Structures are given as structure tokens and as C-alpha cells.
Amino acid sequence: MPEIADNGRTWLLSGPTSSYALHLTETDELVHLHWGPGIALADAEALAALPPSERGASFESPLDGREEYPVEGGPRFVRPALSVRTDERRGTEWSYEDFEADADGLRLRFRDAGLAVTLHYRMRGDVVERWTTLRNDGEGPLELLRADSATWTLPERDDWRLSQLHGRWAAESRLTRSPLTYGEQVIGSRRGHTGHQHLPWVALDTDATEERGEVYGCALGWSGTWRIAVAQLPDARVQITGGVGYDDSGLLRLAPGESFTTPVFAGLWSDAGFGGASRAWHAYQRTYVVPDAEQDRPVLFNSWEATYFDISEEQQGTLARRAAAIGVELFVVDDGWFGARTGDHAGLGDWRPNPDRFPNGLKPLADQVHDLGMQFGIWVEPEMVNPDSELYRAHPDWVQFQSGRKRTEFRNQLVLNLAREDVQEYLWEQLHGLLSSAPVDYVKWDFNRCFTDAGWPDDPYPQRLWVDHVRALYSLLDRLRAAHPGVAFESCSGGGGRIDLGIMSRTDQVWTSDNTDPLDRLDIQHGFSQIHPARVMAAWVTDSPNAQLNGRVSSLRFRFVSAMAGVLGVGGDLSQWSEEELVEARRWVELYKEIRPLVQRGDLYRLRPPAGGLGALQYVRGDESVVLAWLQAQRFGEPVPALRLHGLDPTASYECRETGEVHRGAVLLHHGLRTGLRGDLDATVIRLRRI
Ligand code: GLA
């Protein structure tokens with residue numbers, strides 16, 4: 001429940017360790033006061049009473065760098081969070097209306113001629129969720145050129161550093177950290193989906209380490225085109241503004257009475273270093289974002305790298321028997337089971353089992369999989385169509401296109417215009433029908449190309465297609481989840497092209513990357529873990545040499561321990577694995593099931609980043625802990641460093657389940673644990689239990 005000053009103009013929201021405070025000046029400017037360690041209302045009031053710092057004469061804005069939500073217009077030169085235009089004017093000059101504060105947070109209402117703006121604040125643990133609602137209260141149309149979710153203001157400090165996760169296909173979520181400089185650093189996607197290029201997350205710090213120091217993080221919950229701009233202003237103040245859309249050229253047109261609610265832009269302050277910030281983000285997502293996060297995800301098998309498009313009922317049955325024998329709990333048939341889909345050239349859009357491959361539909365295979373004691377899953381890519389499909393032949397105008405322009409194909413496919421109601425209804429009927437016709441427990445939902453020709457010839461405001469596509473995707477997922485509550489969903493987009501807090505609130509796990517090389521994966525997983533929990537991070541053990549990417553040879557041990565850091569899956573061609581390999585795989589799967597509650601629901605400590613040659617993670621839950629460690633290459637016969645552990649009781653003793661040795665907590669914390677790793681691409685799992 002927010003605290004409110006007696007004059008009703010200063011508000012304080014607090015989490016277990018942090019506070020956030022804002023203030024409405026006498027001239028109705030909404031200014032930021034505090035984001036950081038927990039403070040009292042009296043502290044916030046003292047901050048509100050401070051005179052604003054001197055600004056340079058007539059060339060600087062008295063508001064820039066101070067406002068909670070800078071609008072366009074008036075004495076402001078920062079990038080506006082809100083930019084609107086009507087037939088009469090452009091920009092906003094709002095006046096304050098009132099506020100509401102309750103257990104659900106704080107809402108502040110402002111009004112300009114024809115526009116109602118509500119700023120929302122809600123504490124979820126130490127995460128502040130912020131979003132904005134805009135309503136056209138006028139008589140004529142109102143266009144939102146830009147409508148960010150929120151603007152975050154950092155305290156005045158020297159030497160800010162910016163961390164971000166960048167990448168591309170098969171190389172997602174790689175962490176970089178660099179000094180922030182004057183001007184703006186902009187990340188985002190203009191591709192129609194979240195994108196492989198950046199996760200919608202930034203972190204800022206000045207001198208944090210993995211386990212110490214202040215870290216500020218911001219993450220956006222939107223699965224379409226987006227932008228986060230981090231600005232260091234002329235007086236060195238830092239603000240971060242973010243929201244839907246990449247450009248400011250027009251987002252939505254609101255008819256009188258219509259409104260737009262932005263997605264949540266979540267902010268987190270932590271003084272426990274990058275590791276502490278990650279643990280807080282993970283706990284937030286497990287508690288408030290990810291559906292059913294208290295349930296562990298099953299070990300899955302996925303057919304993609306095993307059989308690619310060459311699928312038959314009999315061959316999948318053979319794989320299913322082998323998968324069941326090594327302890328797999330969920331068997332997923334990937335691409336190639338539907339329509340005329342024997343390669344990537346045809347069939348997308350026709351969501352009926354291929355009659356040559358599955359003459360009696362999917363049910364016989366699903367029954368077989370269930371009889372083996374596993375759940376059954378399938379792959380779909382509903383937002384796409386191959387021109388060579390029954391759907392496209394019947395409805396060539398259902399795709400995104402511009403009249404008289406080329407329809408750009410990527411992977412021989414076009415993007416359906418999900419903003420159209422007939423397309424939404426078609427997809428609902430197809431998918432609802434599919435899930436009703438066969439006992440399907442799991443849907444891997446893919447999205448394998450970016451928008452290129454996002455036009456809609458018959459719509460007076462085709463621009464809305466960008467936003468409406470995502471809204472249609474969300475409502476389709478919501479509707480399917482409601483109608484089929486037993487079905488779990490995976491978000492995939494050529495690997496990790498659609499990972500964000502928005503999709504995470506509607507899916508049970510995500511496909512982290514098409515890169516299943518176990519060494520590359522350690523870096524991708526390191527980046528992913530900055531923000532997202534292991535509970536949603538799917539990771540498969542595939543074949544060696546790695547056929548898809550680099551031909552790297554690695555042991556089953558290394559591949560398994562790499563994939564055990566997330567939701568374990570197996571994606572290799574089990575029909576080619578030897579008897580010994582299958583026996584070994586079974587042991588790893590068994591071990592994973594034992595440590596699974598710690599990995600999926602425990603606290604994660606990143607003991608060493610993978611880049612240094614020796615990478616290690618530790619998960620702690622109650623009296624148990626498990627360490628996963630990977631040695632890339634031992635050089636010059638140097639001893640492998642011991643791993644200093646975290647999250648243990650220094651006064652307790654811990655038994656190592658692998659060796660039976662008993663270790664003192666204080667020794668593990670201050671001197672470390674020897675791993676026994678040696679040579680190249682070695683890996684180990686060490687379980688500890690308090691005695
Ligand atoms: C994408 C996915 C893969 C696989 C293929 C199927 O690339 O990321 O895992 O499902 O599509 O075409």
C-alpha cells in the first residue's frame with residue numbers, strides 16, 4: 001500500500017528492501033524523488049522540499065531529467081515518453097486530476113484537452129511495475145505517435161555502466177557491459193517480434209560486482225517492436241525510457257472513447273550485485289509472471305535435430321520408446337507433421353496432420369506416447385503461411401502486404417496479418433480444433449521470420465497492425481490456455497527471438513536458442529540468467545559432433561551438465577545412440593530429476609562466468625545445494641581453482657553426495673570446493689546436503 005504525504009502530493013512505494021518516491025510540484029509537474037534503498041515518508045518529503053539544482057540560463061530545461069513521464073511540448077528537450085497529435089495540435093500540456101492508492105498500487109490521473117493519461121505504479125517484491133493508460137476523451141481522432149510505458153530516473157552518480165544482452169540467431173543473450181557516455185544508447189527491435197538482437201532489458205551500475213553493489217534494471221513486457229533508450233543528459237543525469245514501437249512515426253489512432261494501455265516496464269533496484277539483481281528478477285517472474293511456476297517442468301524430447309522434416313509415425317514411435325527408456329517425460333514432435341510440410345517450402349497455415357505421414361491423425365502417436373508414460377507435444381507456427389499452402393491459395397490477402405509491392409519471403413514464408421479478425425478466428429478454429437482432436441499436452445509455438453512488408457491495404461490506419469499483431473497473439477494464447485488448461489506452451493522464435501516478460505506471462509517455458517552446442521550455450525545461458533529464471537530456460541542435449549553449427553565434439557557428460565542448468569531436454573537422434581550412451585543418458589536424466597527442484601526453483605549463484613575457462617553455477621534451496629561446473633580447457637597444467645560457494649550456513653556442515661565427504665560451511669564459503677575437473681570440456685555435478 002503506497003504511503004502518501006499529508007498534502008497528497010508526495011507518494012512512497014516500498015518493497016522488502018527498496019523504495020520508490022515521486023512528487024507533484026506546486027505547478028503540477030510530476031517529478032522523481034527516489035529509487036533505491038528503503039526510506040521513510042519523511043525522507044521522501046525532505047527530498048521533495050529540496051530546491052531543484054540550478055540549470056544553465058535559457059538553454060537548459062528546468063524539467064529535463066527530473067520528470068516521471070516527460071511528454072512532448074513545452075520546456076523539454078529530452079526524448080518524450082508521450083507524443084500525441086490531434087487535428088488541432090501536437091504535444092501535451094496536462095493538468096493534474098487526482099490519484100488513487102490501494103493494495104494494488106498507485107494511479108495518478110492527468111488530463112489535457114481530449115486526452116486522459118493515467119500513470120500506474122505497483123510493487124511486486126522489490127520490482128516496481130509501471131505502465132500508462134491513454135484515453136481519447138475528445139470528439140475527434142487522436143493519434144499516439146509514441147506512448148512509452150514509463151521513464152526511469154537514476155540517482156546522481158559518477159561513472160555509470162550499461163549492461164545489455166545482444167545477439168543474433170544462434171547467438172542470443174550475450175552479456176556486454178560498457179561505460180555509459182553522454183547522449184543516448186538505444187536498443188530495440190523494428191522486426192515485429194522481440195528479436196534475437198537484444199533482450200528488452202538493461203542494467204545500470206557504477207561499481208557493482210557479482211555479489212556486491214547497487215544495480216538498477218529495467219525490463220519491458222512486450223513481444224513486438226520495441227525500444228529502450230538510455231540517456232545520459234548534459235548534466236550527467238540518467239533516464240531510461242521504453243515502450244512499444246521503435247520509431248515515433250505513429251503507433252495507434254484512438255477514436256473518441258478508445259484507450260491504449262501500454263505494457264509493463266518493470267524496474268528493479270538491488271544492492272546485492274548482479275547476482276542479487278538476477279535472483280530478485282527470477283523470484284519476481286516465478287511469483288508474478290510465469291504461469292504455474294511452482295510446478296517443475298518435465299524433461300522433454302524434441303524431434304527437430306533428430307529427424308528435421310523427415311517425419312513418420314513409425315519413426316517417431318521408435319524415438320518415443322527410446323526417449324521413454326532414458327526417462328523423458330514429454331515427447332514433442334517438431335516441424336513436419338502437418339499439411340504438405342515435407343520441407344520449409346510448403347504447408348505452413350494448414351494445421352491438419354499430413355495424411356501420408358499420419359493417416360489416422362495424431363491420436364495414434366499421442367496414445368502411444370501416453371502409453372509409454374510421457375506427455376505428448378507438437379510444434380506449430382500459427383502466425384505464418386507458406387505461399388504453397390491451401391490457406392494462402394484461398395486467402396492471399398490475409399498476409400501483411402502493401403498494394404503493388406513485393407511480398408518478401410524469408411524461409412519461403414509470409415506473415416499473416418493477425419490484426420484481421422477473420423485471421424484471428426481462423427487460427428482460433430484451427431488450433432482449438434487441433435487441441436480438441438488429439439490428446440496434446442504441449443505446444444511449441446514458433447515464429448520464424450521478421451516483418452518486412454507490414455502493410456494492410458484495406459485499413460485506414462494500417463500502422464496499427466504492429467501493435468494489433470501482438471495483442472492478437474496474446475489473446476489467442478489466453479483463449480487457448482483458458483479452453484485447454486492442461487496444455488503447456490513454449491515460446492520459440494527461431495530459438496530465442498521472442499523472450500520477454502510479456503510472452504513469459506502466457507507461456508510455460510521458452511526455447512533459448514537454436515544453438516545447442518554445449519559450450520556456446522554456457523555463454524547464452526549466462527546472459528539469459530541475468531534476467532530470466534532457469535525454470536523457463538529450455539536446453540537440449542543433442543548429438544556430437546554438433547551437426548547444425550560447428551562440428552564440435554563433446555562428451556555426453558559435458559552436453560548433459562550444460563543442459564541441466566535449465567529445463568533439461570534431449571534433442572539428439574536417439575536411434576543412433578549406442579546402448580552405453582543410452583544407459584549413461586538415463587543416469588543423467590535421473591540425476592537431473594533429483595536436482596530439478598533446486599535448478600528450477602532455487603536461488604542461483606553464478607560462481608564463475610563461463611568466459612574465463614572455468615564456469616560454475618550454484619543453486620540453493622533450503623538445506624540443499626548443487627554446483628554445476630564446466631572446464632573449457634586446462635592450460636599449462638595449471639590447477640583448476642576451487643569454487644567459493646554462496647548461500648550456505650557457515651556454522652553448518654554439508655555432506656557431498658558424490659564423494660561422501662563432509663565439508664564445513666565456513667570452509668566452502670571462504671576457501672571453496674575442489675571440483676576435480678581436468679583437461680578439455682570437462683564438467684561435473686556436485687550435490688551438497690546440510691547435515
Ligand atoms: C525454428 C526452431 C527450431 C525448429 C524449427 C522448425 O528454427 O527454433 O527449434 O522448431 O524452427 O522448423
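Rules used in this analysis
- Residues numbered from 1 in each chain as written.
- Predicted model: local features only at pLDDT ≥ 70, side-chain atom pairs only at ≥ 80, totals over all residues.
- Heavy atoms only, no water.
- Helix = DSSP H or I, 4+ residues; strand = E, 2+ residues; numbered from the N terminus.
- Rg over C-alpha atoms; globule rule 2.2 N^0.38 Å.
- Buried < 20%, exposed > 50% of the residue type's maximum accessible area, 1.4 Å probe, protein only.
- Contact = heavy atoms within 4.5 Å.
- Areas by Shrake-Rupley, 256 points an atom, 1.4 Å probe, with all protein chains shown as cover.
- Lys, Arg positive; Asp, Glu negative; His and termini not counted.
- Charge placed at Lys NZ, Arg CZ, Asp CG, Glu CD.
- Pairing = 2+ DSSP bridges.
- Axes fitted to C-alpha atoms, helices over the stretch in contact; angles between N-to-C directions.
- Domains from an automatic or database assignment.
- Buried area = accessible area lost by both parts, 1.4 Å probe.
- Near = heavy atom within 4 Å.
- Polar contact = N/O pair within 3.5 Å; in protein donor to acceptor, adjacent residues only side chain to side chain.
- Nonpolar A, V, L, I, M, F, W, Y, C, P; charged D, E, K, R; others polar.
- Salt bridge = Lys/Arg side-chain N within 4 Å of Asp/Glu carboxyl O.
- 1 Å grid on protein atoms, 1.4 Å probe; cavity = no way out; pocket = protein on both sides within 12 Å on 5 of 7 lines; lining within 4 Å.
- Points joined across faces, edges and corners; volume = space filled by probe spheres on them.
- Phe/Tyr/Trp six-rings, centres within 6.5 Å; stacked < 30°, edge-to-face > 60°.
- Expected span 1.5 Å × (residues − 1).

Q: Please clarify how the overall build of the protein should be interpreted in this entry.
A: Counting its regular elements, the protein contains 13 helices and 36 strands. Relative to the 2.2 N^0.38 estimate, which gives 26 Å for 691 residues, the radius of gyration of the protein is 26 Å and therefore close to what a compact globule would have. Burial status across the protein gives 61% buried among its 691 residues. Restricting to contacts in the protein with at least 6 residues of sequence separation, those with at least 24 account for 68%. Carbon and sulfur atoms make up 47% of the accessible area of the protein, which totals about 26,100 Å². Taken together, the 72 basic and 100 acidic charged side chains of the protein have centroids lying 3 Å from each other.

Q: I'm lost on the sheet that holds strand β31 (residues 603-608) in this one. Help?
A: Strand pairing in a sheet is mediated by backbone hydrogen bonds. Such pairs are either parallel or antiparallel. With antiparallel pairing, 6 strands are arranged side by side in an open sheet as β31-β32-β33-β36-β34-β35. Strand pairing shows two members of the sheet lacking a second neighbour, β31 and β35 (662-664), which therefore form its edges. Direction aside, neighbouring strands of the sheet carry axes that sit 25° apart on average. Sheet topology places strand β33 (residues 624-633) next to strand β36 (residues 680-690); 9 bridges connect them, and they run antiparallel. Of the residues in β36, the one forming a bridge with W630 is A683. Contacting β31, β33 and β36, helix α10 (residues 518-531) crosses the sheet at an angle of about 130° to β31.

Q: Where do I start with the domain arrangement of the protein in this structure?
A: By a widely used convention, the size of an interface equals the accessible area lost when the partners come together. Domain parsing of the protein yields domain 1 (3-289), domain 2 (300-601) and domain 3 (614-690). Relative placement of domain 2 and domain 3: their C-alpha centres are 35 Å apart. Counting residues at the interface gives 21 residues for domain 2 and 18 residues for domain 3. Carbon and sulfur atoms supply 72% of the area that domain 2 and domain 3 bury against each other, a total of about 1,600 Å² over both sides.

Q: Teacher, can you tell me more about the site of the ligand here?
A: In the vicinity of the ligand there are 13 residues, among which D334, D335, K444, D446 and D514 approach most closely. Separating an oxygen atom of the ligand from a side-chain N or O atom of D334 is a distance of 2.6 Å. The contact in question runs from an oxygen atom of the ligand to an N or O atom on the side chain of W379, over 3.0 Å. Considered on its own, the ligand offers 310 Å² of accessible surface; in the complex 96% of this is hidden by protein. Class assignment for the residues of the shell around the ligand results in 4 nonpolar, 3 polar and 6 charged.

Q: How should unusual backbone geometry be read in this particular structure?
A: Generally, phi is negative for residues other than glycine and the peptide bonds are trans, each holding for most cases. Of note, the amide linkage connecting S544 to P545 takes the cis form, showing an omega dihedral of -5°. Looking at where P545 falls in the secondary structure, it is placed in the loop between β29 (537-541) and α11 (556-563). Phi is positive for D28, close to 65°, though the residue is something other than glycine. Inspection of the secondary structure puts D28 in the loop between β3 (18-24) and β4 (30-37). One non-glycine residue with positive phi stands out, namely D159, at about 60°. Relative to the helices and strands, D159 resides in the loop between β10 (142-153) and β11 (161-166).

Q: When you look at the side chain of Q509 in this model, what are you seeing that I'm missing?
A: Mapped onto the secondary structure, Q509 falls in strand β28 (residues 509-511). Residue Q509 is classed as buried on the basis of its relative accessible area, which comes to 1%. Setting aside chain neighbours within four positions, we find Q509 in contact with R297, L300, Y442, F489, E490, S491, V536, A538 and V567.

Q: In this structure, what is going on with the pattern of salt bridges? I would like to understand it.
A: One side chain can pair with another of opposite charge once the charged atoms of both are near each other. The final tally for this structure, using the stated rule, is 48 salt bridges. In this structure, R107 engages E100 in a salt bridge whose closest nitrogen and oxygen atoms are separated by 2.9 Å. Residue classification places E100 among the partly exposed residues on the basis of a relative accessible area of 34%. Of the charged contacts, one joins R341 and D335 as a salt bridge, the two residues approaching to 2.9 Å between their closest N and O atoms. The same class applies to R341 and to D335, which are both buried.

Q: Is there a simple way to think about empty space enclosed by the protein in this case?
A: Under the criterion given, the structure shown has 8 cavities of 30 Å³ or more. The space that makes up the largest cavity amounts to roughly 160 Å³. Of all the elements in the fold, those that place two or more residues in the lining of the largest cavity are α10, β31 and β32 (614-621). Residue classes in the lining of the largest cavity are distributed as 11 nonpolar, 5 polar and 1 charged.

Q: Looking at this model, I keep getting lost on the packing of aromatic side chains. Mind explaining?
A: To describe a pair of aromatic rings, you give the distance between the ring centres and the angle between the ring planes. This structure, assessed with the given rule, holds 28 aromatic pairs. On the basis of an interplanar angle of 55° and a centroid distance of 6.5 Å, the ring pair of W445 and F489 is categorised as tilted. Of this pair, W445 sits in strand β26 (residues 442-445) while F489 sits in strand β27 (residues 488-491); the two residues are 44 residues apart in sequence, bridging distant segments of the chain. With respect to burial, W445 and F489 carry one shared label: buried. With 3.8 Å between their ring centres and 20° between their planes, W511 and W540 make a pair best called stacked. One end of the pair, W511, is in strand β28; the other, W540, is in strand β29, and 29 residues separate them in sequence. Each residue in the set Y20, W35, Y121, W152, W160, Y216 and F265 is aromatic and connected to the rest through ring pairs, giving one cluster.

Q: Would you explain α10 in this entry?
A: For an α-helix, the turn length of 3.6 residues means that residues three or four places apart are oriented alike. Between its first and last C-alpha atoms α10 spans 21 Å; for 14 residues at 1.5 Å apiece the expected length is 20 Å, and the two agree. Residues of α10 that are buried: P518, L519, R521, L522, I524, Q525, H526, G527, F528, S529, Q530 and I531.

Q: In this structure, what is going on with the layout of surface pockets? I would like to understand it.
A: A water-sized probe rolled over the atoms picks out the places where empty space is left. Approximately 630 Å³ is the volume found for the largest pocket. Residue lining of the largest pocket: 28 residues in total, with H32, L33, L47, R66 and R237 positioned closest to the centre. When contributions to the lining of the largest pocket are tallied by element, the ones reaching two or more residues are β4 and α1 (41-49). Looking at the lining of the largest pocket, the element that brings in the most residues is β4, giving 7 residues. Grouping the constituent residues of the lining of the largest pocket by class yields 14 nonpolar, 7 polar and 7 charged. Here the second largest pocket defines a volume of roughly 470 Å³. For the second largest pocket, the lining is made up of 20 residues, of which G221, P263, V264, S505 and R506 are closest to its centre. Only β8 (115-124), β9 (127-136), β19 (259-261), α2 (273-289), α8 (465-483) and α9 (501-504) provide two or more residues apiece to the lining of the second largest pocket. Here the element with the most residues in the lining of the second largest pocket is α2; it accounts for 3 residues. Residues of the lining of the second largest pocket, tallied by class, amount to 10 nonpolar, 5 polar and 5 charged. Taken together, domain 1 (3-289) and domain 2 (300-601) each give at least three residues to the lining of the second largest pocket, which thus spans both.

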